[in-house]
Amino acid sequence: MAEKSVFNLLLLLHLLVLFATGGNSDLIFYFENTCLETLWLASSPSDRGLDPTIEPGALEIYFMSDPWSGSLWVRTKCTTDLSGHFSCETGDCGSGEQDCQGGLPKYPITELNFNIQNNVVSYELSLIHGHNNIAVRIEPTGGSLIAGGSGPCPVVDCVEDISNICPAPLVAKNKNGVYVGCYNPCDVLHDPKYCKANEYSERFKQLCKFAHTFPGDNSPPLYKCSGATSYNITFCPV
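Residues numbered from 1 in each chain as written. Predicted model: local features only at pLDDT ≥ 70, side-chain atom pairs only at ≥ 80, totals over all residues. Heavy atoms only, no water.

Put simply, the rule reads: UniProt positions are given in the numbering used here, feature names are shortened, and annotations may be inferred rather than shown by experiment.
An unreviewed UniProt entry lists the protein chain under the name Thaumatin-like protein, from Manihot esculenta. The UniProt entry for the protein chain carries the following text under Sequence similarities (unreviewed entry): "Belongs to the thaumatin family."

What follows is the structure, encoded as structure tokens:
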């Protein structure tokens with residue numbers, strides 16, 4: 001019953017926003033943070049003032065530009081020092097501010113990649129630049145596949161604890177020596193053999209079978225969804 005009430009509330013908010021904006025054609029993205037910590041969104045390239053801060057328990061409603069192609073990720077353990085410089089342990093883009101749109105991220109990060117064109121969306125969850133210790137799920141509402149398979153647009157996620165299998169050479173630590181994420185070997189071992197299928201990518205795939213774990217990974221195929229009414233992106237899904 002509670003789930004139905006939440007769905008009805010989201011639908012009402014969706015309709016109100018569409019009415020207020022004159023029914024623009026941009027896509028609705030719901031960002032939900034069910035983690036116990038504040039997260040900060042980032043995007044590359046920029047997408048019109050994406051609100052960076054998502055408090056624990058918050059649900060943010062956002063209109064993604066159509067067309068738009070790029071990556072989203074979250075930054076973790078962010079602080080502001082005495083000089084006012086803002087920085088994060090993972091995903092930092094060097095802006096020195098909470099807003100982080102268009103910059104290059106500090107690895108490791110879990111990337112959410114989208115290509116949006118006329119309400120047709122290609123989407124993937126990528127560990128090609130590592131995993132920043134935050135579980136994530138992308139769930140389209142409605143729609144059907146026009147590439148990467150057939151039928152309804154599937155959920156993709158990575159919800160298992162990568163820290164349990166992260167090999168020592170790939171462990172990312174903060175200044176206090178605490179684990180904050182797991183690098184992809186292609187980024188840190190500087191050996192071409194790790195930029196294709198390898199023993200580390202196989203470990204990641206065992207836990208996160210819907211994620212792409214090395215450059216050129218096409219399992220699962222890149223999903224292309226048409227007609228979804230929204231995309232629900234949940235951090236630390238339960």
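There's plenty left to go through after this.
**Some details on the environment of K209**
Using the following cut-off: Runs of H or I in DSSP of at least four residues are treated as helices and runs of E of at least two as strands, each being numbered from the N terminus. Note on classification: 1.4 Å probe, protein chains only; a residue is buried when its accessible area is under 20% of the maximum for its type, exposed when over 50%, partly exposed between these limits. Residues count as neighbours in contact if any of their non-hydrogen atoms are within 4.5 Å of one another.
Note that K209 resides in the loop between helix 3 (199–207) and strand 14 (223–226). When its relative accessible area of 55% is taken as the criterion, K209 is described as exposed. Residues K209 and V156, 53 residues apart in the sequence, show an inter-C-alpha distance of 8.8 Å. K209 has contacts with S219 and P220, leaving out every residue within four places of it along the chain.

**Focus: the side chain of S126**
Selection criterion: Within 3.5 Å is the distance limit for a polar contact, defined as a pair of N or O atoms, with the added protein rule that one can donate a hydrogen and the other accept it, and that residues adjacent in sequence qualify only through two side-chain atoms.
Turning to its location among the elements, S126 is positioned in strand 8 (residues 120–126). Within the local environment of S126, its side chain forms a polar contact with the backbone nitrogen of I128, the two atoms lying 3.1 Å apart. Those residues within four positions of S126 in sequence are excluded, and the remaining contacts are I109, T110, E111, N113 and H212.

**Here's the deal with unusual backbone geometry**
Between S44 and the following residue, P45, the backbone shows a cis peptide bond with an omega angle of 0°. Topologically, P45 is positioned in the loop between strand 2 (39–44) and strand 3 (53–54). Cis peptide bonds are those with omega within 30 degrees of zero, and the linkage from S219 to P220 qualifies with 5°. Checked against the element boundaries, P220 lands in the loop between helix 3 and strand 14. A positive phi angle, close to 55°, is found at N118, a residue other than glycine.

**What about the state of the cysteines?**
As a reminder of what qualifies: Here, a disulfide means two cysteine sulfur atoms that sit within 2.5 Å of each other.
Applying the stated criterion to the full structure yields seven disulfides. Covalently, C153 is tied to C225 through a disulfide, its sulfur atoms 2.0 Å apart. Where C153 bonds to C225 through sulfur, the torsion about that S-S bond is close to 90°, and the disulfide is right-handed. Separated by 72 residues along the polypeptide, C153 in the loop between strand 10 (144–147) and strand 11 (156–158) and C225 in strand 14 bring together distant segments of the chain. Owing to a relative accessible area of 0%, C225 belongs among the buried residues under this scheme. The disulfide partner of C158 is C208, and the gap between their sulfur atoms is 2.0 Å. For the disulfide bridge between C158 and C208, the dihedral angle about the S-S bond is near 60°, and by the sign convention the bridge is right-handed. In this pair, C158 is assigned in strand 11 and C208 in the loop between helix 3 and strand 14, connecting sequence segments 50 residues apart.

**Focus on the pairing of strand 13 (residues 179–182)**
Under the convention used in this document: Pairing between strands is defined by DSSP: at least two bridges between the two strands are required.
Pairing of strand 12 (residues 171–173) with strand 13, which is carried by three bridges, proceeds in the antiparallel orientation. Bridging from a neighbouring strand, K173 pairs with Y179 of strand 13. Between strand 12 and strand 13, which follow one another and run antiparallel, lie five residues, and G177 among them has a positive phi close to 80°.

**What to know about the nonpolar core**
For the record, the criterion: Put simply, a nonpolar core is a bunch of buried Ala, Val, Leu, Ile, Met, Phe, Trp, Tyr and Cys residues held in one set by side-chain atoms that sit within 4.5 Å of each other.
Formed by 43 residues in total, the largest nonpolar core has its most connected members in F29, F31, L72, F114, Y123, I233 and F235. Sequence-distant contacts of Y123, defined by excluding residues within four places in its chain, comprise N113, F114, I138, P140, C153, P154, V156, L222, Y223, C225 and Y231. In this structure, A42, W73, C93 and C100 belong to the second largest nonpolar core, which totals five residues.

**As for helix 3**
Here is the rule: Note that the arc is defined by the directions from the helix axis to the C-beta atoms.
Those residues of helix 3 lying buried are Y200, S201, F204 and K205. On an axial view of helix 3, the arc spanned by its buried residues comes to 140°, and they lie on one face. On the buried face of helix 3, the contacting elements are strand 13 and helix 2 (185–188). Capping the start of helix 3 is the job of one residue whose side-chain oxygen sits 2.9 Å from the backbone nitrogen of Y200: N198.

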